[in-house]
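Working through the structure, step by step
Spelled out from the first residue to the last, the chains are:
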Protein chains: 2
Amino acid sequence: MYDRLKGFRDFYPEEMTARRVVIDTLEDAAARYGFREIATPALERTEMYADKSGDGIVEELYAFKDQGGREVSLTPELTPTVARMVVAKQQALSKPIKWVSTRPFWRFEQVQQGRFREFYQTNIDSFGSAEPTADAEILAVAAAALTDLGLTGEDFEFRVSHRDILGGLLRSFDADVDSRDAIRAVDKRAKIERAEYLGLLSDAGLSYDQAESFDDLVTTGDLDEIAAFGGAEVESAVANLRAVLDAAADFGAREYCTVSLSTARGLDYYTGVVFECFDSTGDVSRSVFGGGRYDDLIESFGGQPTPAVGVALGTAPLSLLCQRAGVWPDEALATDYYVLTVGDTRGVASRIARDLRAAGNVVEVDVSDRSFGAQMGYADGINAETVVIVGERDLENGEVTVKDMDSGDQTTVPVESFPGDAASPTYDDIT
Amino acid sequence: MYDRLKGFRDFYPEEMTARRVVIDTLEDAAARYGFREIATPALERTEMYADKSGDGIVEELYAFKDQGGREVSLTPELTPTVARMVVAKQQALSKPIKWVSTRPFWRFEQVQQGRFREFYQTNIDSFGSAEPTADAEILAVAAAALTDLGLTGEDFEFRVSHRDILGGLLRSFDADVDSRDAIRAVDKRAKIERAEYLGLLSDAGLSYDQAESFDDLVTTGDLDEIAAFGGAEVESAVANLRAVLDAAADFGAREYCTVSLSTARGLDYYTGVVFECFDSTGDVSRSVFGGGRYDDLIESFGGQPTPAVGVALGTAPLSLLCQRAGVWPDEALATDYYVLTVGDTRGVASRIARDLRAAGNVVEVDVSDRSFGAQMGYADGINAETVVIVGERDLENGEVTVKDMDSGDQTTVPVESFPGDAASPTYDDIT
């Protein structure tokens, strides 16, 4: 007997039924906004992550040398891969480039609730526009995906921040600050003790007083005050954030957004607007998902300067939110028909099953040569709505029996006219 | 600039559109036969493949040691994983267990036409029935998937064989034969010179004369002659093969099947019926996909004895067949609406876009602050069927313009009633 690897999951049909509804809902929302499906490799050269993704991700890479001697890694996230793909065809692709895909990623990290070593994300990205409308469209498609799942503004909020506001504020202090380290400290703010947080800001170059006043600004949320303190760079970033929120209002997503400058996002490549989705009730304590603008990444990959913004919706944390909110789909199989054979009736039963399938129904038949009772038990186990009983004696009268599994009611119908022209005839249709 | 790894592919939206149609068609066919979707890990313990899959696969494993010191491999095929999953929940799962999934697999092999290091398969498996109907259902669902794609009996054939016929014939010779090696030789028969093939049979323990007469039997296809030659074991296997073909007739798949005992399948774990799909015209020279029965695998994984049969449809070889037959789907984007803004009309345009999306349409809007002409060019590039022009001047008259992109015809409609109750109003609906 072999073990499954820790942090990896097998999804059996019942659970998968619910996951499929959720993933399809996310992808359908993206499709309606004109994001187009792509598919991407599971392995990339390790060097692609070394510089771009931040230390946290590099430490967690499933990295190895392939049989051809290449240093390769299981992809820990999609963004570097799509950046590579944009660069590879940058002349041929008309902008904006709007892509969506759902697939697993891999990070060797501590397994905990909602966090696994193999985890699934739906990534939605837009390349080629620096306009606030492009940021707002990402917020809008993420909001549409969540509301399509049955979530409401009572259930979730998007905490929206701006890297250039944080960076500009840091640069406005009379200190030699490592903005990257300071922003990483802000990203950790909610997860660590205040002393440790201030210590990280101090390590990044701020004095204790500067760290305190930086933190006051970050947490006030008063954009006018912040713009006044930070000078031209911060003013411009505040204007950009406001323009994104205005566009989000037109796009129907403003109501889900709160300004929260202490939301920083951990990845190094972000620029401009960043955001994270949180459970409004706080029951799901960690960020559900996040996204933001990464205008410099394509150029750093050797491409033409190409602004970009995107979001990655993780299925596992999203399932925690959906379960908390009571909108996680039923984990149950659905079957339209079971066509049951009694005696040597396989020929007729197979014809009926094929006709019902041709009309799009989910239809099972006996493949185990089982008794009436065993077939009925199986039909019940797969939640068959209707059982069509094809018995030798009924057939002598030119009939089959149609049984509604919910009520137990049944009736006979002429075999030659079943299912006939009706796509999905049920007991209620017949009687 | 970073390179993609050799043998790995990026799928951009146009190509992905066609692949999505094909994969959805395969999965829909499986769903209508009651196969239920599962999802499975990309990594498994390497030991799981060492004994079960045959040397060919083990040599091609992407195997490495993870950060926890475990010997792990990227999954080269699905069968061992589903066997592991069946064993893990064998008490809880009601039989037959019928599963389907589509995902990539990985083998470090020579890249050639239709063969890549990362390749996608739709796996369809049935566990728990040793009956010929279970084999026939796998043939039927594979045939339904292909005919749903638009292929016909002129395009493909299933070459059906039986491991116990081959094994029984080998055992009927007065020789100490390694059946596994001999069956591997049969699997290679069409790909190697006759002298090499006979040499492999000789290595497996047959004399030259025995190898010649074995090959005569394998290629005759006369099941009566084979049964007479081989004794009780072969007779029983021939009866089983005939029962599978009879059930396939009831299930509508017999017409696609030819008996071809020289079709052996390379993997060691097969027992009973095996089959491979071939291009009837021979233009696609290699096997398109294959499957068969593997009744001993679950037990060898430490589970209760559980018969099993399945098929794995590879997207890449299937695409070669579809392209050869002229049924590969269009590689083109589809867009229902582009809502074009002229001047400061984003609020109204956004409301229209949201209403159209709520009705299920694919709708794009400007996110790049572009001119009328640039927006029109983009709308054309994404194959928008209808462009809704929301212009400042039109809005002063309470109107928007609806333009059919195919004909170029356009008309104006009152903005407050667009789209109104119509789900997808087009120029033709309006005029």
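What you see is a predicted model, and the numbers here were worked out from it, not measured in a lab. (Residues numbered from 1 in each chain as written. Chains lettered and ligands numbered in written order. Predicted model: local features only at pLDDT ≥ 70, side-chain atom pairs only at ≥ 80, totals over all residues. Heavy atoms only, no water.)

The next thing to look at is the pairing of strand β6 (residues 118–127) of chain A. All names here are of chain A. The buried fraction of β6 is high, at ten of ten residues. Residues Glu118, Tyr120, Thr122, Ile124 and Ser126 line one face of β6 and the alternating positions Phe119, Gln121, Asn123, Asp125 and Phe127 line the opposite face, and both faces are buried. The pairing of β6 with strand β11 (residues 308–314) spans seven bridges and is antiparallel. Paired with Ile124 across the strands is Val311, a residue of β11. (Buried < 20%, exposed > 50% of the residue type's maximum accessible area, 1.4 Å probe, protein only. Helix = DSSP H or I, 4+ residues; strand = E, 2+ residues; numbered from the N terminus. Pairing = 2+ DSSP bridges.)

Here we take up the sheet that holds strand β4 (residues 71–74) of chain A. Residues and elements named next belong to chain A. With antiparallel pairing, the three strands of this open sheet are ordered in space as β2-β4-β3. With partners counted over all chains shown, the strands left at the sheet margins are β2 (43–45) and β3 (63–65), one partner each. Averaged over all adjacent pairs, the angle separating strand axes in this sheet is 40 degrees, with direction ignored. (Axes fitted to C-alpha atoms, helices over the stretch in contact; angles between N-to-C directions.)

Residue and element names in this part refer to chain A. At a minimum axis distance of 9 Å, the contact between helix α6 (residues 163–172) and helix α10 (residues 223–230) shows a crossing angle of 45 degrees. Regarding the angle of α6 to α10, the classification is oblique. Helix-helix and strand crossings are classified by hand; for α6 and α10 the assignment is left-handed. Here Ile165, Leu169 and Ser172 of α6 lie close against α10, whose contacting residues are Leu223, Ile226, Phe229 and Gly230. Taken together, the residues of the contact of α6 with α10 sort by class into five nonpolar, two polar and no charged. (Parallel < 35°, antiparallel > 145°, perpendicular 65-115°, else oblique. Left-handed = near helix turned anticlockwise from the far one by under 90°. Contact = heavy atoms within 4.5 Å. Nonpolar A, V, L, I, M, F, W, Y, C, P; charged D, E, K, R; others polar.)

Here we come to the relation of the copies chain A and chain B. Aligned on chain B, chain A shows an RMSD of 0.1 Å; the corresponding rotation is 180 degrees and the shift along the axis is 0.0 Å. Between the two chains, the operation in question is that of a two-fold axis. Of every C-alpha in chain A, the one belonging to Phe64 of chain A sits nearest the axis of rotation, 3.3 Å from it. (Least-squares fit on C-alpha atoms with pLDDT ≥ 70 in both.)

Turning our eyes to something else, we now look at the domain arrangement of chain A. Considered domain by domain, chain A is made up of domain 1 (13–325) and domain 2 (335–430). Here domain 1 of chain A and domain 2 of chain A have C-alpha centroids that lie 51 Å from each other. (Domains from an automatic or database assignment.)

Let's shift gears to a negative patch on the surface. A surface patch of like charges, here negative, comprises Glu14, Glu15, Asp330 and Glu331 of chain A. You can see Glu331 of chain A is positioned in the loop between α13 (315–325) and β12 (335–342). (Patch = residues over 30% accessible without salt bridge, like charges linked within 9 Å, V, L, I, M, F, W, Y side chains within 5 Å. Areas by Shrake-Rupley, 256 points an atom, 1.4 Å probe, with all protein chains shown as cover. Salt bridge = Lys/Arg side-chain N within 4 Å of Asp/Glu carboxyl O. Lys, Arg positive; Asp, Glu negative; His and termini not counted. Charge placed at Lys NZ, Arg CZ, Asp CG, Glu CD.)

A few words on the interface of chain A and chain B. Counting from both sides, the interface comprises 93 residues of chain A and, opposite them, 93 residues of chain B. When the two sides are added together, the surface that chain A and chain B hide from each other amounts to roughly 8,000 Å², 57% of it contributed by carbon and sulfur. The tally of links from chain A across to chain B stands at ten salt bridges. Of the charged contacts, one joins Arg36 of chain A and Glu364 of chain B as a salt bridge, the two residues approaching to 2.8 Å between their closest N and O atoms. Put simply, chain A and chain B have 38 residue pairs in polar contact (both at pLDDT 80 or more) between them. Of the residues contributing to the side of chain A that touches chain B, the split by class is 43 nonpolar, 15 polar and 35 charged. (Buried area = accessible area lost by both parts, 1.4 Å probe. Polar contact = N/O pair within 3.5 Å; in protein donor to acceptor, adjacent residues only side chain to side chain.)

Our focus in this paragraph is the UniProt feature "binding site: L-histidine" (unreviewed entry) in chain A. Residue and element names in this part refer to chain A. Those places that UniProt annotates as "binding site: L-histidine" (unreviewed entry) correspond, in this numbering, to Glu77, Leu78, Thr79, Arg107, Gln121, Asp125, Arg265, Tyr269 and Tyr270. Looking at the secondary structure, you find Thr79 in helix α4 (residues 79–88). The exposure class assigned to Thr79 is buried, which follows from its relative accessible area of 7%. With residues up to four places along the chain from it excluded, the contact list for Thr79 reads Tyr269, Tyr294 and Leu297. Examined against the element boundaries, Tyr269 turns out to sit in the loop between β8 (257–259) and β9 (271–279). The buried category is assigned to Tyr269, whose relative accessible area is 7%. Reaching out from Tyr269, the side chain makes a polar contact with the side chain of Glu77 at a distance of 2.4 Å. (UniProt positions renumbered as here; feature names shortened; annotations may be inferred.)

All names here are of chain B. If you walk across this open sheet you meet the five strands as β13-β12-β14-β15-β16, and the pairing is mixed. The open sheet has two free edges, formed respectively by β13 (363–365) and β16 (410–414), since each of these has just one partner strand. Between one strand axis and the next, the sheet turns through 25 degrees on average, direction left out of account. Two strands pair when backbone bridges link them, and strand β12 (residues 335–342) and strand β14 (residues 384–391) are joined in this way by seven bridges, in the parallel orientation. Bridge pairing in β14 links Tyr337 to Thr386.

Moving on, we get to helix α8 (residues 194–203) of chain B. All names here are of chain B. Of the residues making up α8, those classed as buried are Tyr197, Leu198 and Leu201. Take α8 and look down its axis: the buried residues cluster within an arc of 95 degrees, on one side only. Turned more than 90 degrees away from the buried face of α8, the exposed residues are Ala195 and Asp203. Of the surrounding elements, those touching the buried residues of α8 are α7 (179–188) and α9 (208–220). Among the residues trailing α8, Gly205 stands out with phi positive, at a value near 125 degrees. (Arc of directions from axis to C-beta.)

The phi torsion of most residues other than glycine is negative, and most of the peptide bonds are trans. Residues and elements named next belong to chain A. Cis peptide bonds are those with omega within 30 degrees of zero, and the linkage from Lys95 to Pro96 qualifies with 0 degrees. With respect to the helices and strands, Pro96 occurs in the loop between α4 and β5 (97–106). With an omega of 0 degrees, the peptide bond running from Phe418 to Pro419 counts as cis. Within the fold, Pro419 resides in the loop between β16 (410–414) and α17 (427–430). Within the chain, Asp369 stands out as a residue other than glycine whose phi angle is a positive 55 degrees. With respect to the helices, strands and loops of the structure, Asp369 is situated in the loop between β13 (363–365) and α15 (372–381).

Attention shifts here to empty space enclosed by the protein. Enumeration over the complete set of coordinates arrives at four cavities of 30 Å³ or more. Of the volumes computed, that of the largest cavity is approximately 50 Å³. Every residue lining the largest cavity is listed: Tyr33, Glu137 and Phe251 of chain A together with Ser350, Ala353, Arg354, Arg357 and Val365 of chain B. No other element matches helix α14 (residues 346–358) of chain B, which puts four residues into the lining of the largest cavity. (1 Å grid on protein atoms, 1.4 Å probe; cavity = no way out; pocket = protein on both sides within 12 Å on 5 of 7 lines; lining within 4 Å. Points joined across faces, edges and corners; volume = space filled by probe spheres on them.)

Before going further, it helps to examine the pattern of salt bridges. Overall, the coordinates contain 54 salt bridges over all chains when judged by the stated rule. Two residues, Glu137 of chain B and Lys98 of chain B, come together in a salt bridge whose shortest N-O distance is 3.0 Å. Of this pair, Glu137 of chain B sits in helix α5 (residues 132–148) while Lys98 of chain B sits in strand β5 (residues 97–106); the two residues are 39 residues apart in sequence, bridging distant segments of the chain. The exposure class assigned to Glu137 of chain B is buried, which follows from its relative accessible area of 1%. Using a relative accessible area of 3% as the deciding quantity, one classes Lys98 of chain B as buried. Here Arg115 of chain B and Glu109 of chain B are joined by a salt bridge, their closest N and O atoms 3.9 Å apart. Salt bridges sharing common partners tie together Arg4 and Asp10 of chain A together with Glu44 and Arg84 of chain B.

Turning to α7 of chain B, its buried residues number three or more, namely Ser179, Ala182, Ile183, Ala185, Val186 and Asp187 of chain B. A distance of 3.1 Å separates the backbone nitrogen of Arg180 of chain B from a side-chain oxygen at the start of α7 of chain B, and that oxygen is part of Asp178 of chain B.

Looking now at the side chain of Gln210 of chain B. All names here are of chain B. Within the element layout of this structure, Gln210 appears in helix α9. For Gln210, a relative accessible area of 15% translates into the label buried. A distance of 3.4 Å separates a polar atom in the side chain of Gln210 from the backbone oxygen of Asp174. Ignoring any residue separated from it by four or fewer positions in sequence, one finds Gln210 in contact with Phe173, Asp174, Ala175 and Gly205.

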